[in-house]
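This is what each chain is made of:
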Amino acid sequence: MPSDQSTWLVSVPESGDAEGLYHELSTKLSSGSKSVAPSNLAQLSIPSFKTGTLDSLVTLSEELPKHDAFFTATVAKTVDTLRNLLNNAPSKLAQHILVNEQPVDAYILKGWSWNEGRYGVQRSLREMIEVLNKEMTSIDNVMKTKLNNYNLAKGSLVQMQRKKTGNLSVRSLVDIVQQEHFINDSEYLQTVLVAVPKTFVKEWNAKYERLTSMVVPRSSVLIASDDEYSLYAVVVFKRVHDDFTQKCRDNKFIVREFTFSKEAIGKQREELETADTTEKELWTELLQLARTNFSEAFQILVHLKVVQVFIESVLRYGLPAHYTGFFIKPEPKATKRTLTILQSQFAYLGQRANPDKLKNKSGSTTDEAVGEYQNLLEQEFFDFVLYEIPWIVL
């Protein structure tokens, strides 16, 4: 059963009246239960590619599912990149999920045509697929590189910003302490910063002078407080610094190692500003690139699907390689009804498209035939050719 979250590409042998078939199908699909809105059915002009040999077509048919999966995944990854950059906001995402500056449905259903200037049909089918694959691989590689660069810049910025958050026992003190909180140019004395849990503030005030010898009396000064900690500056003799630090730990007071330096503080602030600017620049660059590459990647995917439809049609119906195609976007939850209408409409193709033609005269399928057509036999089979383009869900 085809997905109810996809647009279908359908192909049948050309009957000589493509326009009449289109109107007949439109009437059946849009009447009654309205499986498909009239605007969601469009004609698909399938180019007359060079068919090549039967063996080459079978080989390509076996290879194409791998390309299809890669192309589809590349489009999906590009959409995910846009979604993450735009914080998963559907309204903003809709402004960037465009193909040639138009919505995806409009690109498919409003007069889609093969890009002859870019993918001339004078090429062999294998050459055509190689060109499509080369372009999609290039897009995938560029997106990986740019996304990695952005993630590194964002990670660096987040790490710097994280230092400015949290409680006073862990956060950066650059924007909290001032030069006047420190003893400067003293041969014997130094200032120690201590983060004291709020529940131990009274204990700190009562005993900090006696934690070790050589603590300057009444030197404890409150610098800042938050919900969990109070930050104090206290003056001690340099010779007892290590002992004082250990005593603080024993009493659950947290010594914050910090040396005041205007140069170091200025450098940290400059690094943060640079990281912020770099992240914003790379964000803008990646957004523009993802928008452009989505448009390119989606077009390449649709062109590959049309090649798949053509190859399957030749293998199914034979020559001449002239086929009538349709884009069909079923209404939500109307997949089964739509499929039933199509099966009824094209039931006459049953004999021509029957996979029993792979059987030998005794009625059993030979091992050789099964091996050669294994991919075809494993596909869900309808009397018409059907491939799907997954919807881009915003």
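Look above for the structure.
Here's a quick rundown of the structure.

Cut-offs used in this document
- Residue numbers run consecutively from 1 along every chain, following the written order of its sequence.
- Per-residue local features are limited, in this predicted model, to residues with pLDDT of at least 70; the limit for side-chain atom pairs, both in listing and counting, is 80 or more; totals at the level of whole chains, interfaces and linings are taken over all residues.
- Derived side-chain values reflect all non-hydrogen atoms in the structure, with water molecules and hydrogen atoms excluded from consideration.
- Helical segments are the DSSP runs of H or I of at least four residues, strand segments are the runs of E of at least two, and each set is numbered from the N terminus.
- Here, residues are in contact when the closest pair of their heavy atoms is within 4.5 Å.
- Note on exposure labels: buried denotes an accessible area under 20% of the residue type's maximum, exposed denotes more than 50%, and partly exposed covers the range between, all computed with a 1.4 Å probe on protein chains only.
- To estimate how far a helix should reach, multiply one less than its number of residues by 1.5 Å.
- Two strands pair under a simple rule: DSSP has to find at least two bridges between them.
- For helices, the fitted line uses only the C-alpha atoms of the stretch in contact; every axis is such a line through C-alpha atoms, and the angle between N-to-C directions lies from 0 to 180 degrees.
- By arc we mean the arc of the directions from the helix axis to the C-beta atoms, nothing more.
- Buried Ala, Val, Leu, Ile, Met, Phe, Trp, Tyr and Cys residues that are joined via side-chain atoms within 4.5 Å together make up what is termed a nonpolar core.
- A carboxyl oxygen of Asp or Glu within 4 Å of a side-chain nitrogen of Lys or Arg is what we treat as a salt bridge.

1. A short note on the environment of Phe 253
- Its place among the elements puts Phe 253 in the loop between α7 (241–250) and β8 (254–256).
- Separated by 122 residues in the primary sequence, Phe 253 and Val 131 place their C-alpha atoms 67 Å from one another.
- The residues touching Phe 253, leaving out its near neighbours within four places in the chain, are Val 194, Ala 195, Val 196, Pro 197, Phe 200, Glu 203, Trp 204, Leu 211 and Cys 248.

2. A short note on the environment of Pro 332
- Its location among the elements puts Pro 332 in the loop between β9 (323–328) and α9 (335–345).
- The class of Pro 332 is exposed, set by a relative accessible area of 56%.
- Spatially, the C-alpha atoms of Pro 332 and Asp 4 are 6.3 Å apart, while their sequence positions differ by 328 residues.

3. Here we look at unusual backbone geometry
- Here the amide bond leading from Leu 319 into Pro 320 is cis, since omega sits at 0°, within 30 degrees of zero.
- With respect to the secondary-structure elements, Pro 320 resides in the loop between α8 (262–317) and β9.
- Phi at Asn 88 takes a positive value of approximately 60°, unusual for a residue other than glycine.
- You can see Asn 88 is positioned in the loop between α2 (54–85) and α3 (90–94).
- Phi is positive for Lys 333, which is not a glycine, with a value near 65°.
- Counting through the fold element by element, Lys 333 comes out in the loop between β9 and α9.
- With relative accessibility at 78%, the residue Lys 333 sits in the exposed group.

4. Observations concerning helix α1 (residues 18–30)
- The first and last C-alpha atoms of α1 sit 18 Å apart over 13 residues, in line with the 18 Å expected at 1.5 Å per residue.
- Next to the buried residues of α1 lie β1 (6–13), β2 (41–45), β9 and α9.

5. A word on the sheet that holds strand β6 (residues 221–225)
- The sheet built from four strands is open, its strands ordered β6-β7-β5-β8 with antiparallel pairing. Two strands lie at the open edges of the sheet, namely β6 and β8, each paired on one side alone. Averaged over all adjacent pairs, the angle separating strand axes in this sheet is 35°, with direction ignored.
- Across four bridges, the pairing between β6 and strand β7 (residues 229–237) is antiparallel. In the strand pairing of β7, Ser 225 is matched with Ser 230.
- Contacts from α7 reach β5 (189–197), β7 and β8, with the element oriented near 5° to β5.

6. Remarks on α7
- Among the residues of α7, those classed as buried are His 241, Phe 244, Thr 245 and Cys 248. For α7, the angular spread of buried residues about the axis comes to 100°, placing them on one side. Of the exposed residues in α7, those oriented more than 90 degrees away from the buried face are Asp 242 and Asp 250.
- Those residues of α7 that are buried lie in contact with β5, α6 (201–207), β7 and β8.
- Following α7 by one or two positions, Lys 252 adopts a phi angle in the positive range, close to 65°.

7. Digging into the nonpolar core
- The biggest cluster of nonpolar side chains holds 76 residues, and the ones touching the most others in it are Phe 298, Ile 311, Phe 327 and Phe 384.
- The element that contributes the greatest number of residues to this core is α8, accounting for 18 residues.
- Apart from the residues lying within four places of it in its own chain, the contact partners of Phe 384 are Val 10, Ser 11, Val 12, Arg 316, Tyr 317, Leu 339, Leu 342, Gln 343 and Phe 346.
- Grouped together as the second largest cluster of nonpolar side chains are 16 residues, Tyr 232, Val 236, Phe 244 and Phe 253 included.

8. Regarding the sheet that holds β1
- Here four strands make up an open sheet; going across it, the order is β2-β9-β1-β10 and the pairing antiparallel. Edge strands, defined here as strands with exactly one partner in the open sheet, are β2 and β10 (385–390). Sheet twist, expressed as the average angle between the axes of neighbouring strands with direction ignored, equals 25°.
- Sheet topology note: the β2/β9 ladder contains five bridges and is antiparallel. Bridged to Leu 41 within β9 is Ile 328.
- Packed onto the sheet, α8 meets β1, β2, β9 and β10 and runs at close to 165° relative to β10.
- Where α9 meets the sheet, it contacts β1, β9 and β10, and its direction lies at approximately 5° from that of β1.

9. Section: the pattern of salt bridges
- For the coordinates displayed, the defined rule picks out 16 salt bridges.
- With a closest N to O distance of 2.7 Å, Lys 146 and Glu 285 form a salt bridge. Here Lys 146, found in helix α5 (residues 125–162), pairs with Glu 285, found in helix α8; they are 139 residues apart in sequence, far enough to count as distant.
- Take Lys 146: its relative accessible area is 31%, and that puts it in the partly exposed class.
- Across the pair Lys 164 and Asp 175 runs a salt bridge whose closest N-O atoms are separated by 3.4 Å. Here Lys 164 is found in the loop between α5 and β5, whereas its partner Asp 175 is found in the loop between α5 and β5, with 11 residues between them in sequence.
- Through salt bridges with shared partners, a single network forms among Lys 77, Asp 140 and Lys 144.

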